[in-house]
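Secondary and tertiary structure notes
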Amino acid sequence: FHSTHSPMLCLLLAPAALAAPTGAALIYCDPVGYEGRYFREACEARGVLLVRLWSTPYAAMLSEDLEDAEERAAIQRGCAPAAGEEAAWAESALSGMAITGVLCGSDAGLATAERLQHALVPARTNGLVPARRDKYLMHEALRTAGLAAARQSVARSWEEARSFLSTLPPPLRVVLKPRRGHAGLRVGLASSEPQARHMVETLLSERVSLDTEAEGGALCQEVLEGEEWVVDTVSRAGEHKCVALWRYGKGEANGAPFVNFYDELRPCAGEGEERLVRYALAVLDTLGWRWGPAHIEVKRTSRGPVLVEVNAGRFNGVDFGLLADVCVGHNAYDVTLDAYFDQAAWAALPALPPRALRGAGRLVKLVASEEGVLRAAALPPAGLESLVRWGPEPSEPGEPVALTVDNNSCAGYAWLLHADEAVVAADCAALHELQAAGRLFDVDSASGAES
């Protein structure tokens, strides 16, 4: 992890003083990565006990390659209670503590987190709604409610998929994806029947989601033309607040059609953005979402906003806190804790992001254009005025480098912040040019081929 200096970044991040215990507990299901660390420290600062549990699907993934029986047993001891056993577990493990809510750090654990909150915090339940996780069901729920939704069909054979393709206008273009997935895995764009058939048969033969209860089939959807935006929200008792607007920069790379190049914070500058937010909040209402964070991906099409997918119960999935704090004035992590623990702070929060941001910010998602082994340390490029953090993955010589084709194979991040939006845009373009030319990482491709 590398930090650089910028005129925009004038923050001193000091450790927060620990608060006296409040007797309140927050359950965090699948506490991994940056989010897990953030909530551990933030809950300590508020005097809240953070209870960390593993969902069964995520625990199975963690245990898969472990040879040590004791390590596997430790993971199993940390698993969430089974359905019907939640109350007994809480009485045994958290006797006397007031459970205020349940958060989740993985797509695989969303059903578990939803169930735990429903069983243990009934006054704050979101209900049990599979359509929040199944991409087919969520679009059908919107259609039933009269909201814009993508044309789609679930195919359990190539013949069923071809039948849907025949309803699309020429030339053929269709999005093919799993009903339940994450990080853009196995999401493809087909422009011919042979290409579509290969993608469909791959989807039918391979499970993408760790959630073993996920429905199978290949989801075929129309291509939604337009910019892709994200509406990040936090909800408290059915009151939704938009805490950030992002515009995605996506495109083709390494043969993959939807590689995410950057997330750009945007102001809620006018009617177009407000319409986007209104649509996203209507999606939450349709899906019965009342408590906690949501990350809602929407295309701004010629017919108005149309959902790509909603991630109810999840944050952005990347380390966005610094950019949001500097440019917007708050971040979804802290706002979520306010929703659960600080009604006054929640009430004081505006319902929308500002019409003008405090500065310009982009989280650049680094793209590796060559696979192999890293020959030299991946240092930040010189001359990027807005670069404030540099986090390549891999970063040290000898580490393997994989081609970037989705969010799972993202090669790290660069955080850009500056008072001038044009400076951020120019630095982002310079990084993209280096990546496209294969000059961001010094890769020994022969070593990769041999291994």
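Summarised in this report is the structure supplied together with it. (Residues numbered from 1 in each chain as written. Predicted model: local features only at pLDDT ≥ 70, side-chain atom pairs only at ≥ 80, totals over all residues. Heavy atoms only, no water.)

A separate point is the overall build of the protein. Broken down by element type, the protein carries 14 helices and 19 strands. Here the C-alpha atoms of the protein give a radius of gyration of 22 Å, agreeing with the 22 Å that 2.2 N^0.38 yields for 451 residues. The C-alpha extent of the protein, read off along each of the three principal axes, is 60 × 55 × 55 Å. Counting the 451 residues in the protein, one finds 54% classified as buried. Relative to all contacts within the protein whose residues are 6 or more apart in sequence, the contacts with residues 24 or more apart total 70%. (Helix = DSSP H or I, 4+ residues; strand = E, 2+ residues; numbered from the N terminus. Rg over C-alpha atoms; globule rule 2.2 N^0.38 Å. Buried < 20%, exposed > 50% of the residue type's maximum accessible area, 1.4 Å probe, protein only. Contact = heavy atoms within 4.5 Å.)

Let's shift gears to the pairing of strand β12 (residues 292–301). Of all 10 residues that make up β12, nine are buried, and the element is covered over most of its length. Bridging between strand β9 (residues 227–236) and β12 involves nine bridges; their strand directions are antiparallel. Bridge assignment links V230 to a residue of β12, and that residue is E297. When β12 meets strand β13 (residues 304–312), the two strands line up antiparallel, connected through eight bridges. Pairing of A294 across the sheet is with A312, part of β13. Between β12 and β13, which pair antiparallel and follow one another directly, the connecting turn spans two residues. (Pairing = 2+ DSSP bridges.)

Looking now at the nonpolar core. When a protein is soluble and globular, its nonpolar side chains tend to lie buried together. Judged by nonpolar contacts, the single largest core of 41 residues is most densely connected at F39 and L265. Broken down by secondary-structure element, the contributors of at least two residues to this core are β2 (24–29), α1 (33–46), β9, β10 (239–253), α10 (321–327), α11 (332–341) and β18 (412–418). In terms of residues, this core owes the most to one element, α11, which gives six residues. Not counting the four nearest positions on each side in its chain, L265 is found in contact with A244, L245, W246, L323, A324, C327, V328, L357 and G361. In this structure, V367, A378, L384 and L431 belong to the second largest nonpolar core, which totals 26 residues. (Core = buried A, V, L, I, M, F, W, Y, C linked by side-chain atoms within 4.5 Å.)

The next thing to look at is the packing of aromatic side chains. For the structure shown, the criterion picks out 14 aromatic pairs. Consider the rings of W54 and Y58, whose centres lie 5.8 Å apart with planes at 5°: the pair is stacked. Classification of Y58 by relative accessible area gives buried; the value is 14%. Aromatic pair W246 and F320: ring centres 6.4 Å apart, planes at 75°, arrangement edge-to-face. Of this pair, W246 sits in strand β10 while F320 sits in the loop between β13 and α10, placing them 74 residues apart in sequence. Neither residue differs from the other here; W246 and F320 are each classed as buried. What links up through ring pairs into an aromatic cluster is the set Y28, Y34, Y38, F39, W246, F315, F320 and Y333. Here K241 stacks its cationic end above the ring of W346, 4.7 Å away from the centre of that ring. Lying over the aromatic face of Y262, R362 brings its terminal NZ or CZ to 4.4 Å of the ring centre. (Phe/Tyr/Trp six-rings, centres within 6.5 Å; stacked < 30°, edge-to-face > 60°. Lys NZ or Arg CZ within 6 Å of the ring centre and 35° of its normal.)

Next up on the list: the pattern of salt bridges. Throughout the structure, instances matching the rule amount to 24 salt bridges. Measuring nitrogen to oxygen at the nearest pair gives 2.4 Å for the salt bridge that ties E114 to R132. You can see E114 sitting in helix α5 (residues 110–120) and its partner R132 sitting in the loop between α5 and α6 (135–144), a full 18 residues away along the chain. Accessibility expressed as a relative area gives 10% for E114, which makes it buried. Its salt-bridge partner being E206, residue R186 comes within 2.6 Å of it at the nearest N-O pair. Residue R186 is found in the loop between β6 (174–178) and β7 (188–190), and its partner E206 is found in the loop between α8 (193–205) and β8 (218–222); the two are separated by 20 residues along the sequence. Ionic contacts of the salt-bridge type, sharing partners, join the residues E227, R247, E264, R266, R362 and E421 into one network. (Salt bridge = Lys/Arg side-chain N within 4 Å of Asp/Glu carboxyl O.)

So, on to empty space enclosed by the protein. What the rule picks out here adds up to three cavities of 30 Å³ or more. Size it by volume and the largest cavity reaches roughly 150 Å³. Together, 17 residues line the largest cavity, and V102, A113, E114, W289 and G313 are the ones closest to its centre. Only β4 (98–104), α5 and β12 provide two or more residues apiece to the lining of the largest cavity. Considering every element that reaches the lining of the largest cavity, the biggest residue donor is α5, with four residues. (1 Å grid on protein atoms, 1.4 Å probe; cavity = no way out; pocket = protein on both sides within 12 Å on 5 of 7 lines; lining within 4 Å. Points joined across faces, edges and corners; volume = space filled by probe spheres on them.)

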